[in-house]
Every structure is written in C-alpha cells, then in structure tokens.
Amino acid sequence: MDKRPDLTGPDMTRPLRARLRVPLTLTWAGLLAERLVRAFWPLWTLLIAIGALVMLGVQDYASFELVAGAGIAAALGALALLVVGLSRFRWPRRVEALDRLDAALPGRPLQALGDAQAIGRGDASSEALWQAHRTRMERAAAAARAPKPDLKIARLDPFGLRHIAMLGLVVAMLFGSVWRIASPGVIVPNGALAAGPTWEGWIEPLVYTGLPSLYLADQKARIEVPAGSRVTLRFYGEVGALALSETVSGRTDGIAPATDPSQSFDVAQDGVLSIDGPGGRSWDIRAVPDTPPSAELLSEGAKTTFDGQMSQPFSASDDHGVTGGSATFALDLGAVDRRYGLATEPEPREAITLDLPLPITGSRTEFTEALVENLSQHPWAHLPVTLTIEARDAADQIGVAAPMQMNLPARRFFDPVAAAIIEQRRDLLWSRKNARRIAQVVRAITYQPADGLFRDTADFLKLRTILRRLEAANKADALTTGVQEELAEALWDLAVTLEDGDIKDALERMREAQERLSEAMRNGASEDEVARLMQELRDATDDYLRQKMQQAQREDGTDQPDQGEQNITLLSQQDLQDMMDRIEDLMSQGRMAEAEEALRQFQEMMENMRVTEGQPGDGEGSPGQQAMEGLADTLRQQQGLSDQAFRDLQEQFNPGAQAGESQGNEGRNGGQGRGESHDGQGGQGQSDGGSAEGEGQQSGQGGGQPGDLAQRQNALRQELERQRGSLPGNAGDEARGALERAGEAMDGAEDALRGGDLAEAIDQQAGAMDALRDGMRGLGEAMAEENQNRQGGQGRAAGATGGQQSDPLGRTAGQGDRAGTEGNLLQGEDVYRRARELLDELRRRSGEGARPEVERDYLERLLERF
C-alpha cells in the first residue's frame, strides 16, 4: 500500500489524535526550519557580515563614496539572494509532517492504522487478529516523538562562509558598538552616544625623545612639542561637520580634504592647529628643534700609563641623549720634525678612528667619560697628531669638538737598545724607502757590540735575523706591505723583550743563585764553594733590586728617584744584606737546617717584594707601627742572645776555637742584638737597653757567662711584658697569645741559663723567637684589617715581605731587620687609573648576558652608586 497516513480518518481514535498533535506540530516546524535555512542561508550570511562591519565602525575609516557604493552593492545582493531563496522555498504541508513523523517510528504505525482489512471479513477469528494488529499499532503510534530537523548545510556551503560571518559578528559584539547599526558615525570614543559630531586627536613625539604622547582634548591653548612630532586627528559624526585648519606641517601638496575623518601629519614649524565646527578648539603649537650634540676635549686628567695606555677625558651632551660618536687622530705633518727617517715622504695612511665610550647606566644627555686606548704600536706613536671627537644623536646630527694638538700617547722605552729599535721600527712604518738606512743603522748596532749591550745572545741573534730579512727583501724589491708589517711586529717584540727582560732576567738569575746555594747546603759543599755561591746570590740580589727600582721609575713616569726613594732603597738593600749575613753565619756555625729555612724565607720575601714610593705614609708613627718596631727590636735582641748562647756552648766543648769567629759574628748579629735599644721606649726599657749594651761589650771581649746572659734574658722578658701592655686595642687575640707564649719561652730560657743548661736555653730562645714572629705577623694582619675597614674595603696591597701581609696602603709590617716601612701611601694618578680599571671591569661584566641575573643586578647597583 502506498498511501500517506491520515489523522482525520475514521480509523483514528480521538485519544490517539490528541496524543499525536504535539509531535506532529513540532515535526512540521522542523520541516519549516530546514527549508528556510536551505533557501535563505546566503541572505542571512550576507546580512550578518554587513552588521558586523557596521558595528566595528569600518565605515568610519573609508570615504563616503566608498561606503555608499558598498551599501548599494550590499542591498542589491541581499535582494537577489532574497529572490533566489523565495524561489527555492516550499511551505511544508501537514501531510508531509505526518509522513516524516510516521517514517521516524518503527513499522510505520500511522500508515498501518489507515489500512482496512482486505480478506477475512465476517470471520470472527480473522477480525480478532486484525483488531489485535491495530491495537499494537496504536500503542506504537502513541509513543511517537518529533524527529530532529536536519539543519546541516555544509554541502551547500563548502567554504564555511556562514561561520566567517558569525565569527565577525561575535568580534563586533565584543569590541564594537551595537548602536552603530542604527546610527553609524555618531558614537564618541568613550562609547557614549553623542548628540552631534565629535573629534579626538593626539600628538606623538619621536620615540628617541622619550616624551609621552599628548591628548589634544586635555591640552591648554599653547603646546610645546619636539619638531617632527606626529599629529593624528579623528572626526566622528556627519561628514563635513568638522574641518581641520593648520599651519604647523608646512605642507604645500598632497593635502587631504579638511573634512577627511582621519588625518595625520608631522609638526615641522611653529603655527596654529584648529578644528572648526561644533565642539572645535584651537592650539598654538611651538615646534622645539632638536639641537645637535656638543662635545669637548678636556685637558685636565689626561694621562698615559707606563705601558702606553692613554686616558683622554672628554664631555658630551645632547638634549635627548648622545647615541654614539668617534675619535679621530690625524697626523699633523707640518708639526713633525722631518729629520732622519722622517725626512722621507710618508706612505699614505688612514687616520686613527676609535668609537667613543658611552655610559652604560645613567643619563646620556650630559656626561664625562675617558677615551682609553693603547696606540703604542701605531707608526705615529709620539708624533704630532690632531685629535677630534664627534658626538652623534638619534637624529643623526653630529657635534664636533675643537681639535686638540698632542703627541700621540704611547709607551716609552728606557733601555737604549730598545729605544733605538723602536725608532727604526717607526722609520720602517713611515716609509719603506727607509729600508736601506734602517739596515745600515741596525748593522752598525750589531757590529761587534760592546759587552753588556745585549744581555742575552738570543736577542742579538734575533736582531741579526731581522736585519737579514730586511736586506734580502729590499735587495729583491720584495718589501711589500705584508713584509713591512711582519718586520715591524718582530722589531716591536724584540724591543719589548729588551725593555722588560731586565727585571725578569734579574729575578731568574737570583732564583738560580738561591737554588744553587740551597742545593750546596743540602749536599754539604765546602766552605769556599758556599762562600762563592753566597757572593753570587748577593750580586744577583743587588742587580734585581736595581732593576726593580728602574721599573718603579718607569711606572711612576719619573727619570730619577727623589732623595727619599734613594734612602728607602738603600735601607731595603741593607735589610737584605743583614738577612744574607744571617744565612752565612748560620752556615758557618753548621746550623744548615736553620740556614736553609732562612734562605727559604729570603726567597719568599724577594718573590713578593715591591718598591714603594719614598714619602712617609699617614700611618707612620701610629701606635701599631710603634708596637711593631718595638717587637722587631726585641726579636733582634733575642736573636743576639741566642747566638751568644750558642757560641758559649761551642766554647765549652772546644775552648778558644771560636774566639776569632765570635768576634766577627758579634760585629754583625751578636753585637747588634745586645747593643741596640729601640728609640721611643722609656723607663725600664731604656735602662735595660743600656745594661744590655754594656754587658754585650763585655761578652764581646771574651764571651758571656751564663749568669750575665740570664740577666739580659730577664731584662728582655720584662721589656716584652711592657710591650704587651702597650699594644693597641686592635692588636687581636692571635698577636697577644703569641707574645704571651714568647714571654713564657723567655722565662724558661732564663731559668735554663741560670742553671747552666745552654742547650735547653737555646731551645727555649728558639721557641721565643718563633712566638715573636707569630705575634708580629698577627699584629700586622690586625693592622691591615683595621686599615682596610677604615678605607672602606679597599683591597689588600700586594707585596708582603718576610711572610707578613701588606696593609691596604702598601705599607709592610716588617722588612728585613727593620720594623715597618717608610714607604709612601698609594696616591697620585695610579689610584685613579686603578679605579678606572675597576669601573671598566664592572661595566664589562654587567653587560655579559651569560652571567646570573643576581650577579648582574649586584653589578648594576654598584655602577649606579659609583
């Protein structure tokens, strides 16, 4: 059977028809929705897209003609899509809805209820069976539910245009204004509905100025802005209601209509900016020009270190900050002394150009920096040059400083041969035409050189090798620029070796002499051999001290030391001689272990020794210094007593054998230890010193008796007790404890001397001397720490002598047999150079991105503070 179900038929019971009315209505509505969507989806997609554009205010950024044309095209398109949709749309009938509902049920019960019994009418059994079938179909129909409508139109819209339109609508509802749909162009920027046309505008200064943007509605009638600032205006509402008039841009062509809703231009000159119309305003604009930067070379503070590194201070400023710059050194050929190798015309050479250093932190609008560079190897070293610096700002404007005439700073060579080699190197780089003359000069220098002209044969051979290369290249006309640079580099290296080799060679010779002497002592060499090696050590030490002094003169930039420095050097040499005398005495007495230990201390002192300047420091004469000098004097006297006790012990076992030797020894150590008393000690100390001296003279005649030595030991112990009581408050527990041990050892030595036990007395005296040295070391460290704290954490000065640390001012706690040092405080230009080096190092480390952030933050705080 192919007929549609009919709810109005006589076979439908009334309860069933009432039960199916709601599902049937919903099914019909679903059919209607399906047909509307499929027929009109292009139309509503177009309308949604137009609404989204209007809500976003796209029409405000387009011209009126474009907006009108787009509106007409959209209207025509919508009309066409409406016609197409109407032609496709069919109104759903009730029978179609019933058929959709019946098709959604199993067995199509609604259609079955419309069937009639075809056979078996009148048969009770057949009719009963038919009635049971209808009852089952009615129950199935009563359970009918409206099927879901099929609104999927992906097949009809393969590009997803409807989704794009919906997305635009959502964005417009979030960020646009629904009021624009009804009244486009009449919404003010803050979202409130305006009663008429309105405007907004702002001025944006150039980025490098760092100035904020200015909102025109909040500004007064007069505005100052940097020249080049960008002005932006927006007009809302009826087109033509607001108009712009301005004289600040200086434009003569390419000007947009005055009523254009969106306008932008740059401020090029002073003028007036006006907005004509409802709510309009006017401003008097003043364009502030960007002035070029300025730079200046400063004569104060310019310096050159001993190794040729120059530091030329300069200042620069700009209204918005300096962004870069350069320094140029140009040869002043007219001021060059055109003699010798400089008489030849120079080869063309570009000027020296260096980048100007800029502050890493802080403002760059006005600052003072220093140009630091080492140009010692440049051909123009020490020749007249003109220095010019340029500062550049973000607008690429340049400010030039007044030129400065100077000789190009470079390293100076004091060694005669090194200075001559550097002069020939300069002539070679000046012009390759000087090759013949240079070869003649070098050949003259190296022809049968006088003794001492070349300290090392290797240096002589190097110079001869350079000479042969130069002559060969010049003869073969192969002296190219590359060969010229190679020869110049070789000459420079040789000159530096000759200049710096003095101190290194002297130190090496002294080390070798110390090692040979130490080996001879360990191997039990003869007295003649030991004496020869000892004299060799003395000569090597004298040469090292001489070279050390010359190096200090070069670093200080002086040709001759002043009288104070000469005195300091002589005293230091005397101290070293005293120590070497002490070593020789110990060896002659057969005390090789002690002699080797003293030699080790001497070697350590020489390794760390530094030559200080010769003016007294601020700390001279302080309580700490006086205490240190008093302890050193006590140590010398204790050493003299120990030597005398040792001689007396030898005399007991070999009478008369040591008489002549002891007399000589007294002249160096024993007499000094007994006869000296430290200046500045009063009261008991002075008396004891005098008594000790008198007794020392007696013992020098024929040896001391144990009782006499015991009395002198007692006097020395009492002097130590007095010195312990007068120690400064910052002496430290370590120094006090060591001096207390020294007093106990002296007391033990006194008891041993009174008992005639010279061996035990010597052991106790050795312990007292060790404790005294520990006490002096502890006192020196405490003084150094105190000075360091007082100077704000300044680093400990290098160069501890005799195993004792130097304080932050470069003063030693003890040197040789002298207590303290008369060296000068670290002052003058060296302080500023060191401070500058530390600041540059801080800046370099703060700019390394690989360092931890916490370290870079700490470095930046340091730079901000200093």
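Residues numbered from 1 in each chain as written. Predicted model: local features only at pLDDT ≥ 70, side-chain atom pairs only at ≥ 80, totals over all residues. Heavy atoms only, no water.

As for the overall build of the protein chain
Broken down by element type, the protein chain carries 22 helices and 19 strands. Per-residue burial over the protein chain gives 42% buried out of 866 residues. Surface accessibility of the protein chain: about 45,200 Å² in total, with carbon and sulfur atoms responsible for 52%. (Helix = DSSP H or I, 4+ residues; strand = E, 2+ residues; numbered from the N terminus. Buried < 20%, exposed > 50% of the residue type's maximum accessible area, 1.4 Å probe, protein only. Areas by Shrake-Rupley, 256 points an atom, 1.4 Å probe, with all protein chains shown as cover.)

Considerations on the pattern of salt bridges
Oppositely charged side chains can form a pair if their charged atoms are brought close together. Under the counting rule described, the total for this entry stands at 27 salt bridges. Across the pair aspartate 427 and arginine 437 runs a salt bridge, and its minimum N-O distance is 3.2 Å. Separated by 10 residues along the polypeptide, aspartate 427 in helix 8 (residues 416-430) and arginine 437 in helix 9 (residues 435-446) bring together distant segments of the chain. Looking at arginine 437, the relative accessible area reads 26%, which means it is partly exposed. For arginine 724, the salt bridge goes to glutamate 721, with nearest N and O atoms at 3.2 Å. Taken as a pair, arginine 724 and glutamate 721 lie in helix 18 (residues 706-725) at a separation of 3 residues, close to a single helical turn. Under the relative-accessibility criterion, arginine 724 is labelled partly exposed at 24%. (Salt bridge = Lys/Arg side-chain N within 4 Å of Asp/Glu carboxyl O.)

Focus: the packing of helix 8 against helix 9
Two elements in contact, helix 8 and helix 9, have axes separated by 10 Å at closest approach and are oriented at 165 degrees. Relative to helix 9, helix 8 is oriented roughly antiparallel. At the point where helix 8 passes helix 9, the crossing takes the left-handed sense. Residues Ala420, Gln424, Asp427 and Leu428 of helix 8 form the contact with helix 9, whose participating residues are Arg437, Ile438, Val441, Val442 and Ile445. A breakdown of the residues in the contact of helix 8 with helix 9 according to their chemical character gives 6 nonpolar, 1 polar and 2 charged. (Axes fitted to C-alpha atoms, helices over the stretch in contact; angles between N-to-C directions. Parallel < 35°, antiparallel > 145°, perpendicular 65-115°, else oblique. Left-handed = near helix turned anticlockwise from the far one by under 90°. Contact = heavy atoms within 4.5 Å. Nonpolar A, V, L, I, M, F, W, Y, C, P; charged D, E, K, R; others polar.)

Side note on the packing of aromatic side chains
Applying the stated criterion across every chain yields a total of 6 aromatic pairs. Ring plane angle 90 degrees and centroid distance 5.5 Å describe the contact between phenylalanine 413 and tryptophan 492, whose orientation is recorded as edge-to-face. Separated by 79 residues along the polypeptide, phenylalanine 413 in the loop between strand 17 (404-407) and helix 8 and tryptophan 492 in helix 11 (residues 481-523) bring together distant segments of the chain. For phenylalanine 413, a relative accessible area of 12% corresponds to the buried category. Take tryptophan 492: its relative accessible area is 9%, and that puts it in the buried class. (Phe/Tyr/Trp six-rings, centres within 6.5 Å; stacked < 30°, edge-to-face > 60°.)

Comments concerning a negative patch on the surface
A surface patch of negative charge is lined by Glu734, Glu781, Glu785 and Glu786. Considering every element that reaches the negative patch, the biggest residue donor is helix 20 (residues 758-790), with 3 residues. Relative to the helices and strands, glutamate 781 resides in helix 20. Judged by its relative accessible area of 30%, glutamate 781 falls in the partly exposed class. (Patch = residues over 30% accessible without salt bridge, like charges linked within 9 Å, V, L, I, M, F, W, Y side chains within 5 Å. Lys, Arg positive; Asp, Glu negative; His and termini not counted. Charge placed at Lys NZ, Arg CZ, Asp CG, Glu CD.)

Observations concerning the sheet that holds strand 1 (residues 198-204)
Strand order in the open sheet made by the 4 strands is 2-1-4-6, with antiparallel pairing throughout. At either end of the open sheet lies a strand with only one pairing partner, and these are strand 2 (214-215) and strand 6 (262-266). Pairing geometry for strand 4 (residues 230-236) and strand 6, over 5 bridges, is antiparallel. Bridged to arginine 230 within strand 6 is aspartate 266. (Pairing = 2+ DSSP bridges.)

Quick look at helix 8
For helix 8, built from 15 residues, the straight-helix expectation of 21 Å at 1.5 Å per residue is met to within 8% by its first-to-last C-alpha distance of 21 Å. Among the 15 residues in helix 8, 11 count as buried, and that is most of the element. Among the residues of helix 8, those classed as buried are Val417, Ala418, Ile421, Ile422, Gln424, Arg425, Arg426, Asp427, Leu428, Leu429 and Trp430. (Expected span 1.5 Å × (residues − 1).)

Points about the packing of helix 9 against helix 10 (residues 457-475)
Taken N-terminus to C-terminus, the directions of helix 9 and helix 10 make an angle of 150 degrees; their axes are 10 Å apart at the nearest point. Classified by the angle their axes make, helix 9 and helix 10 are roughly antiparallel. By crossing handedness, the relation of helix 9 to helix 10 is classed as left-handed. Contact residues: Ala435, Arg436, Ile438, Ala439, Val442, Arg443, Ile445 and Thr446 in helix 9; Phe460, Leu463, Arg464, Leu467, Leu470, Glu471 and Asn474 in helix 10. For the contact of helix 9 with helix 10, the class distribution of residues is 9 nonpolar, 2 polar and 4 charged.

Quick look at a nonpolar patch on the surface
A contiguous nonpolar surface patch, about 770 Å² in accessible area, is contributed by Leu53, Leu56, Val58, Leu167, Val170, Val171, Leu174 and Phe175. Sorting elements by how many residues they give to the nonpolar patch places helix 6 (residues 161-175) first, with 5 residues. Note on placement: leucine 53 falls in helix 1 (residues 14-56). For leucine 53, a relative accessible area of 48% gives the class partly exposed.

Let's talk about the sheet that holds strand 8 (residues 282-288)
If you walk across this open sheet you meet the 4 strands as 3-8-7-5, and the pairing is mixed. Each of the sheet's edge strands pairs with one partner strand only, and the pair in question is strand 3 (222-226) and strand 5 (243-246). Ignoring which end each strand starts from, the neighbouring axes of this sheet average 25 degrees apart. Strand direction decides the pairing type here: strand 5 and strand 7 (residues 271-276), joined by 4 bridges, are antiparallel. In the sheet register, alanine 243 faces strand 7, and the bridge partner there is aspartate 276.

Section: the environment of threonine 25
Mapped onto the fold, threonine 25 is located in helix 1. As for threonine 25 and alanine 97, which are separated by 72 residues in sequence, their C-alpha atoms are 7.8 Å apart.

Shape is all these values report; function is a separate question.
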